[in-house]
Amino acid sequence: GGYWDLPVRQGAMLERHQLPGLGAIRALDDPDSINWCQVAGQHDRVAIPSFHTGGWYDIFLQGTLENFATMTRLGRDARLVVGPWSHSEFGDKVGDLSFGLASRRLGVASYPYGDLNAFQLAWFRQHLETDADIQLPESKVRIFVMGRNVWRDESEWPPARARVQRHYLRADGSLRPDEPSAHEDGTEFVYDPADPVPTVGGHLVMAGAFPPGPKEQGVVEARQDVCVFTSAPLEQELEVTGRVRVILNCVSSAPSTDWVARLCDVHPNGQSFNICDGIVRVREGADGAGIHEIDLWSTSNVFLPGHRIRVHVTSSSFPRWDRNLNTGDQDSSRFEVARQRIQHDADHPSYIELPVID
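Small disclaimer: the values here were computed from a predicted structure and weren't measured.

Asker: Can you lay out the sheet that holds strand β15 (residues 308–314) for me, pointing to particular residues and giving the numbers?
Answerer: Strand order in the open sheet formed by four strands is β10-β15-β12-β13, with antiparallel pairing between adjacent strands. Two strands bound the open sheet, and with one partner strand each, they are β10 (227–230) and β13 (272–282). Shown here is a sheet whose adjacent strand axes are inclined to one another by a mean of 15 degrees, direction ignored. Pairing geometry for β10 and β15, over four bridges, is antiparallel.

Asker: Kindly report on the sheet that holds strand β1 (residues 50–57), identifying the contributing residues and their values.
Answerer: Taken in spatial order, the four strands make up an open sheet running β1-β2-β5-β6, and their pairing is mixed. Where the open sheet ends on each side, the last strands, each with one partner, are β1 and β6 (150–154). Taken over all neighbouring pairs, the strand axes of this sheet differ in orientation by 25 degrees on average, direction set aside. Relative to strand β2 (residues 78–86), β1 runs parallel, the two sharing seven bridges. Paired with G55 across the strands is G83, a residue of β2. Against the sheet, helix α4 (residues 61–73) makes contact with β1, β2 and β5 (141–145), and its axis sits at roughly 145 degrees relative to β1, the strand it touches most. Relative to β1, helix α5 (residues 116–128) is tilted by about 160 degrees, and along the sheet it contacts β1 and β2.

Asker: I'd like a description of the environment of R339, backed by residues and values.
Answerer: Among the structural elements, R339 can be located in strand β16 (residues 338–342). On the accessibility criterion, R339 (59% relative accessible area) is exposed. For the pair formed by R339 and S252, sequence separation is 87 residues and the distance between their alpha carbons is 5.7 Å. Not counting the four nearest positions on each side in its chain, R339 is found in contact with F189, V251, S252 and S253.

Asker: Give a detailed account of the pattern of salt bridges, specifying residues and quantitative values.
Answerer: All told, the structure shown has 29 salt bridges when counted by the stated rule. Note that D96 and K215 form a salt bridge whose closest N and O atoms lie 3.0 Å from each other. Here the residue D96 occupies a position in the loop between β3 (93–94) and β4 (97–98), and K215 occupies one in the loop between β9 (187–191) and α6 (218–221), the gap between them amounting to 119 residues. Judged by its relative accessible area of 18%, K215 is buried. With its nearest N and O atoms 2.8 Å apart, the salt bridge here joins D225 to R223. Through salt bridges with shared partners, a single ionic network connects R148, R152, E154, R161, E237 and E239.

Asker: So what's going on with the packing of aromatic side chains? Residues and values would help.
Answerer: Taken as a whole and judged by the stated rule, the model has 13 aromatic pairs. Between F144 and W151 the ring centres are 5.3 Å apart and the planes differ by 75 degrees, which places this aromatic pair in the edge-to-face class. An identical accessibility class is assigned to F144 and W151; each is buried. Feature note: the residues W85, F90, F99, Y111, F144 and W151 constitute an aromatic cluster, connected by ring pairs. The ring of W85 carries R105 above its face, with NZ or CZ at 5.8 Å from the centroid. One residue, R323, lies across the ring of F318, its end atom 4.9 Å from the ring centre.

Asker: For the environment of R323, give the residues involved together with the corresponding values.
Answerer: Residue placement: R323 occurs in the loop between β15 and β16. Overall, R323 belongs to the buried group, its relative accessible area being 6%. Distance from R323 to C227, taken between C-alpha atoms, is 18 Å for residues 96 residues apart in sequence. A polar contact of 3.0 Å, which involves the side chain of R323, links it to the backbone oxygen of W4.

Asker: If you had to explain the side chain of R262 to someone new, which residues and values would you point to?
Answerer: Within the element layout of this structure, R262 appears in strand β12 (residues 257–266). For R262, the side chain forms a polar contact with the side chain of D277, separated by 3.4 Å. Filtering out sequence-adjacent residues up to four positions away, R262 remains in contact with Q217, V220, N274, C276, D277, L296, R310, V311, H312 and S317.

Asker: So what about α4? Which residues, and what values?
Answerer: Here α4 contains 13 residues, and its C-alpha end-to-end distance of 19 Å stays within 8% of the 18 Å for a straight helix at 1.5 Å per residue. On its buried face, α4 sits against β1, β2, β5, β11 (238–252) and β14 (290–303). Among the residues trailing α4, G75 stands out with phi positive, at a value near 85 degrees.

Asker: Can you break down the pairing of β9 residue by residue, with the values?
Answerer: Alternating positions in β9 separate cleanly, T187, F189 and Y191 being buried on one face and E188 and V190 remaining unburied on the opposite face. For β9 and β16, the ladder comprises five bridges, and the chain directions are antiparallel. Residue pairing for β16: E188 is matched across the bridge by R341.

What counts and what doesn't
- Residues numbered from 1 in each chain as written.
- Predicted model: local features only at pLDDT ≥ 70, side-chain atom pairs only at ≥ 80, totals over all residues.
- Heavy atoms only, no water.
- Pairing = 2+ DSSP bridges.
- Helix = DSSP H or I, 4+ residues; strand = E, 2+ residues; numbered from the N terminus.
- Axes fitted to C-alpha atoms, helices over the stretch in contact; angles between N-to-C directions.
- Contact = heavy atoms within 4.5 Å.
- Buried < 20%, exposed > 50% of the residue type's maximum accessible area, 1.4 Å probe, protein only.
- Salt bridge = Lys/Arg side-chain N within 4 Å of Asp/Glu carboxyl O.
- Phe/Tyr/Trp six-rings, centres within 6.5 Å; stacked < 30°, edge-to-face > 60°.
- Lys NZ or Arg CZ within 6 Å of the ring centre and 35° of its normal.
- Polar contact = N/O pair within 3.5 Å; in protein donor to acceptor, adjacent residues only side chain to side chain.
- Expected span 1.5 Å × (residues − 1).

Don't take any of this as a statement about function, it's just geometry.
Right under this line is the structure:
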């Protein structure tokens with residue numbers, strides 16, 4: 001029940017149990033705290049080789065990818081391994097999906113020299129034992145491609161050969177590569193902070209009631225405050241590997257609000273599973289028409305023939321993200337209901353950008 005306490009930054013649940021505040025929310029207002037905690041901007045201080053591991057559903061995924069990419073740009077010796085894991089699940093089943101025995105982090109020889117532990121030990125030996133006869137693969141990147149459920153070596157991250165493909169959110173609920181017409185209607189919904197969209201899966205490290213990973217999204221998609229845009233069934237497989245973003249032309253009745261976007265893979269049986277998602281907080285001026293970019297982080301997923309691509313747009317995913325109270329004052333307990341509108345016409349298109357690999 002502590003997730004619902006307002007104001008958020010006071011940590012009422014911790015106070016009730018006489019526990020010290022974590023300070024994480026207050027630190028967001030302190031640039032010195034942020035600079036002290038983050039690696040970004042300080043990579044040049046790291047001169048040693050680095051081994052980066054993460055999962056497509058790990059809460060620290062994008063930081064792991066950016067650390068590797070930056071170290072590589074600086075000419076440092078770096079390696080990267082990304083599986084279909086969350087921050088705590090490393091077996092063949094993550095969330096509601098099984099990715100096959102080869103996806104396991106441990107116990108299966110899916111990496112050079114054995115499982116991931118053996119690979120890391122070989123890497124340490126190469127760098128720390130002067131007489132070690134260790135020949136690691138020339139490729140610096142090893143990723144698990146979901147959907148196809150295979151490991152693949154890459155020479156770089158993100159793959160430069162990926163091309164950006166736009167799919168437009170259309171007023172009829174479709175998701176299509178063709179641009180909208182000049183007079184296409186908008187899509188409207190109501191966001192009530194008293195009844196936020198529940199968090200179902202994703203990049204999470206939360207209480208046990210909110211497990212991470214790919215989860216079936218039926219309960220989310222049935223809500224009136226979740227706008228769903230779905231492609232036609234694919235005739236050929238479509239691989240999405242790299243950074244995903246959504247561009248929304250939108251407006252709210254509230255001075256401040258949030259916009260959430262989610263990419264899903266819809267299976268032929270109709271089940272929809274989350275791939276990646278993101279949020280942007282418009283702190284002021286949300287009641288004026290604007291263009292907002294939502295960073296959905298990165299993934300590697302093949303949408304198989306017969307599957308459909310789906311995008312959610314809403315204004316909350318609680319309690320993963322604290323609720324925007326729609327007032328512009330997050331330090332208060334007062335909230336308001338907001339009327340949200342997504343534009344779709346040719347002059348104000350909304351779309352998702354997918355990094356597609358042929």
